[in-house]
Each structure stands twice: as C-alpha cells, then as structure tokens.
Amino acid sequence: MRIGGSHSRAEAGIRGVVMNGKEAFTLVELLVTVVVLAILAAVVLSAVVDTVDQKAEVNAREILAAVRFTKVNALTKRQMHRIVFDSVNETVRVEDDVGAAVWNPITFSTFEWTLEHGQIQSSDFDGDNYLEFGTSGEGVCGGTVVIDYNGLTQTFTISPITGRVAVEEARN
C-alpha cells in the first residue's frame, strides 16, 4: 500500500488512501459517515414517534374539552346535552337534547370535529355511542371510548354522575 503521489500521511486522510492504483476511503472517514447516518436515523425516528404522541395528545385534549364543555352547557342551559362519538365518520360532536349541534362560542361554529390523526375503535355508554349529561350537569351514565393512533391506543373512561375522565395509553 502506498500513499497517493508525493502527499504526506496527513493529506492522505483527506484525499483517501490509494490501494492497487484505486483511491479508497480511510477507516476514519467510514466511521464518521456511519456515526452521522446513525445520528440522522435516530433524529428522524424520534420525530416520527413524537409526532404520533403529539397528535394523540391533541385529540385527548379535545375530547377532555368536549366533556367539560358539554357538562357545563347542560348545567347552564338546564337541558340534556350529549357528546356523540361517530366511529363511521370519525367525528366527535356535541348535541343538545333534540340532537341539534351545539354552537361553540370560541370557534364560532358548531362543536364538532373530525379525528384527523386517529380512529375511534369503540364507544360504549350503556350500549349507546354517546355520553349524556343531565340538566344539573351530572353524567347520566359512564362508559368508555377507545381511540387508536397507529399503534398507540388511548382509552377514555368517563365516570357516571361526576363525568370525571381517566385516560390510559398503551402501545400495540
């Protein structure tokens, strides 16, 4: 093995090693490349995992806000209100006692949204797909909603009477 031309060994690390008349990479150059690729792979992988977690967190906050909003709305208007979890259309909607969509004063639209980042796997409130609050803000019945986000499953358990929400997460 000879170093290309009349270059010093220090220059050989920059220009590469010449073996059998062909220029090649040094071991240091190969190691640096492997390390850089490993770091890039780790960053990309963590960004993808964090994105799924962040999307799940956003949807969880929206569901918690819907429960609070529905409970308070039922109490202040003194009429039944419910949250409908539609697994066919992947939507969550707040309705009054006659099934009309409730107006959201913050967004100036109906209180309804589509789960863009997850799928409603199931919702069961005594056999129905909606959670209902009575005229004094009490939960008529408790139940669960299960939402899947590409392998991350969130289970929302809503207590009867209080409407307290517990969230459990599990990776598939």
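Remember, it's a predicted structure, so these values are computed and weren't measured experimentally.

1. With respect to the overall build of the protein
Here is step 1 of the chain: Counting its regular elements, the protein contains two helices and 12 strands.
Here is step 2 of the chain: The linear arrangement of helices and strands in the protein, starting from the amino end, is α-β-β-α-β-β-β-β-β-β-β-β-β-β.
Here is step 3 of the chain: The buried share of the protein, taken over its 172 residues, is 33%.
Here is step 4 of the chain: Contacts in the protein between residues at least 24 apart in sequence constitute 42% of all its contacts with a sequence separation of at least 6.
Here is step 5 of the chain: Per element, the accessible surface of the protein, about 10700 Å² overall, is 58% carbon and sulfur.

2. A word on the confidence of the model for the protein
Here is step 1 of the chain: For the protein, the average pLDDT comes to 83, and 85% of its residues sit at 70 or higher.
Here is step 2 of the chain: Model confidence for the protein, summarised as mean pLDDT per element, is weakest for helix α1 (residues 9-15) at 51 and strongest for strand β3 (residues 81-86) at 94.

3. Topic: the side chain of Arg82
Here is step 1 of the chain: Mapped onto the secondary structure, Arg82 falls in strand β3.
Here is step 2 of the chain: The contacts of Arg82, once residues within four sequence positions are left out, are Thr70, Arg93, Val94, Glu95, Asp96, Val98, Gly99, Tyr130, Leu131 and Glu132.

4. Here's the deal with the nonpolar core
Here is step 1 of the chain: Grouped together as the largest cluster of nonpolar side chains are 26 residues, with contacts concentrated most on Ile83, Phe85 and Ile147.
Here is step 2 of the chain: Mapped by element, the contributors of at least two residues to this core are α2 (27-77), β3, β4 (91-96), β9 (130-133), β10 (143-149) and β11 (152-158).
Here is step 3 of the chain: With seven residues, α2 is the largest single contributor of residues to this core.
Here is step 4 of the chain: Ignoring anything within four residues of it in the chain, the contact list for Ile147 reads Ile63, Leu115, Gly118, Gln119, Ile120, Gln121, Leu152, Thr153, Gln154 and Phe156.

What counts, and where the lines are drawn
Residue positions are given per chain, counted from 1 along the sequence in the order it is written. This being a predicted model, a pLDDT of at least 70 is required before a residue's local features are given, and a value of 80 or more before pairs of side-chain atoms are given or counted; all residues contribute to the totals for chains, interfaces and linings. Side-chain figures throughout are based on the complete set of non-hydrogen atoms in the structure, without hydrogens or water. Elements are defined by DSSP. Helices are runs of H or I of four residues or more, strands are runs of E of two residues or more, and each kind is numbered from the N terminus. In this scheme, a residue with accessible area under 20% of its type's maximum is buried, one over 50% is exposed, and one in between is partly exposed, where area comes from a 1.4 Å probe on protein chains only. Contact between two residues is taken to exist if any of their heavy atoms lie within 4.5 Å; hydrogens are not considered. Residue-level accessible areas treat just the shown protein chains as cover; the underlying method is Shrake-Rupley with a 1.4 Å probe. Known as pLDDT, the predictor's confidence for each residue is given on a scale from 0 to 100. Throughout this description, the term nonpolar core refers to a set of buried Ala, Val, Leu, Ile, Met, Phe, Trp, Tyr and Cys residues connected via side-chain atoms within 4.5 Å.

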